[in-house]
Amino acid sequence: MGEHAAVITRVAERQWHAVEDDRTVGRGYASRRPDGRTFLSIDAWHGAVFDQLADAMLADLPTPLYTVVDEADLDLTSHWERVGFTTRRREWEYLVPTDPRVTGLGSVLPPSGVTIVAVGEAEESPLRTLDRVVRDEVEATVGWQEMPAEVLPRPDGDTLVDPSKYAVAAQSGEYVGLIRVVRVTRQPRIGLIAVRRDRHRRGIARALLAHVLGSLHRCGIATASAEVTESNGAAMALFEGVGARRASSNLEFVLR
């Protein structure tokens, strides 16, 4: 058992405690995401206690299991690798400037026939229609498991939780592109940019980004953040093309 031998107890359906000398020295949690995948987290004082918690949790839970780790946290990364987890994907966090003199987006206009509807002003029904179209297109290719957790489908299949967080591109009476902006801190987060497949390569995504970044800049906000999966070359090129820089990265691990 090693120097830090703790007693592991499953205290709830998805929670485990490690106790040593009447002190709680570690906790483990399992959370089920809306897409059905189970993600683990462990907070332990010592590596040996981490291993004990992991062993107990893995014995109780069916695979596959997942976890997300800041890639810069080498200790935690090695802990998960030691108990059998392997890297499934990397997600970069970008810091995105809003100043059009930096982004080069000041002169960017929507393509002919396309108009931008500001954040919070989109009509809910056509926005939900676009959300379903985009979701089906993504599911048919890379799958929604590659999306950030905040835009994963809910049990009813919906991925549009709060319409007030979206700006959209409209053309010929329907919505053809969307961008999701979360204003939870001083540094807003761009959670999703998506354009219908039949409208790709027309500059709609770039126009949506120009609109949102310009609006943030006029509000006195200098930087936004965005998370992009490493395999999404188009999204990485879009952000890096406006001067965004990589600030950190997360690794999603899986145990199959």
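Above this text is the structure in question.
Note that residues are indexed from 1 along each chain, following the sequence as it is written. Only residues with pLDDT of 70 or above have their local features reported here, since the model is predicted, and side-chain atom pairs are shown and tallied only from 80 upward, although totals for entire chains, interfaces and linings are computed over all residues. Excluded from the side-chain calculation are hydrogens and water; included are all heavy atoms of the structure.

### Here we look at helix H1 (residues 47-60)
Elements are defined by DSSP. Helices are runs of H or I of four residues or more, strands are runs of E of two residues or more, and each kind is numbered from the N terminus. Helix span, as expected, comes to 1.5 Å for every residue beyond the first. An ideal rise of 1.5 Å per residue puts 20 Å on 14 residues; H1 measures up with 20 Å between its terminal C-alpha atoms. Residue exposure (1.4 Å probe, protein chains only): buried if accessible area is under 20% of the type maximum, exposed if over 50%, otherwise partly exposed. Turning to H1, its buried residues number three or more, namely Val49, Phe50, Gln52, Leu53, Ala54, Ala56 and Met57.

### With respect to the side chain of Thr77
Mapped onto the secondary structure, Thr77 falls in helix H2 (residues 74-82). Other than its neighbours up to four places away in sequence, Thr77 contacts Val69, Asp70, Glu71 and Phe253. By the convention used here, residues are in contact when the closest approach between their heavy atoms is within 4.5 Å.

### Comments concerning the nonpolar core
Among buried residues, the Ala, Val, Leu, Ile, Met, Phe, Trp, Tyr and Cys ones that are joined through side-chain atoms within 4.5 Å form a nonpolar core. In terms of nonpolar packing, the biggest core is built from 29 residues, with Val96, Ile179, Ile190, Leu209 and Phe239 touching the most fellow members. Every element with two or more residues in this core is listed here: strand E6 (86-97), strand E8 (166-171), strand E9 (174-182), strand E10 (189-195), helix H5 (204-218), strand E11 (223-229) and helix H6 (233-240). Ranked by residue count, the leading element in this core is H5, at seven residues. The residues touching Phe239, leaving out its near neighbours within four places in the chain, are Val96, Ile190, Ile193, Leu209, Ala226, Val228 and Ala244. The next biggest cluster of nonpolar side chains, apart from the first, holds 22 residues, and it includes Ala6, Val25, Leu40 and Val69.

### Topic: the packing of H1 against H2
Look at H1 against H2: their axes get within 10 Å of each other, and the N-to-C directions meet at 40 degrees. One element, H1, and the other, H2, form an angle in the oblique class. For the crossing formed where H1 meets H2, the hand is right-handed. Only Leu76, His79, Trp80 and Arg82 of H2 make contact with H1, whose side of the interface consists of Gly47, Phe50 and Asp51. For this scheme, ten residues count as nonpolar: Ala, Val, Leu, Ile, Met, Phe, Trp, Tyr, Cys and Pro. Four count as charged, namely Asp, Glu, Lys and Arg, and the remainder, Gly too, count as polar. Here the residues of the contact of H1 with H2 are counted per class, giving three nonpolar, two polar and two charged. Working convention: axes come from line fits to C-alpha atoms, limited for helices to the stretch in contact. Angles between N-to-C directions cover 0 to 180 degrees. Oblique is the label for any angle not covered by the other classes, which are roughly parallel (under 35 degrees), roughly antiparallel (over 145) and roughly perpendicular (65 to 115). The crossing is said to be left-handed when, going from far helix to near helix, the turn is anticlockwise and less than a right angle, and right-handed when the turn is clockwise.

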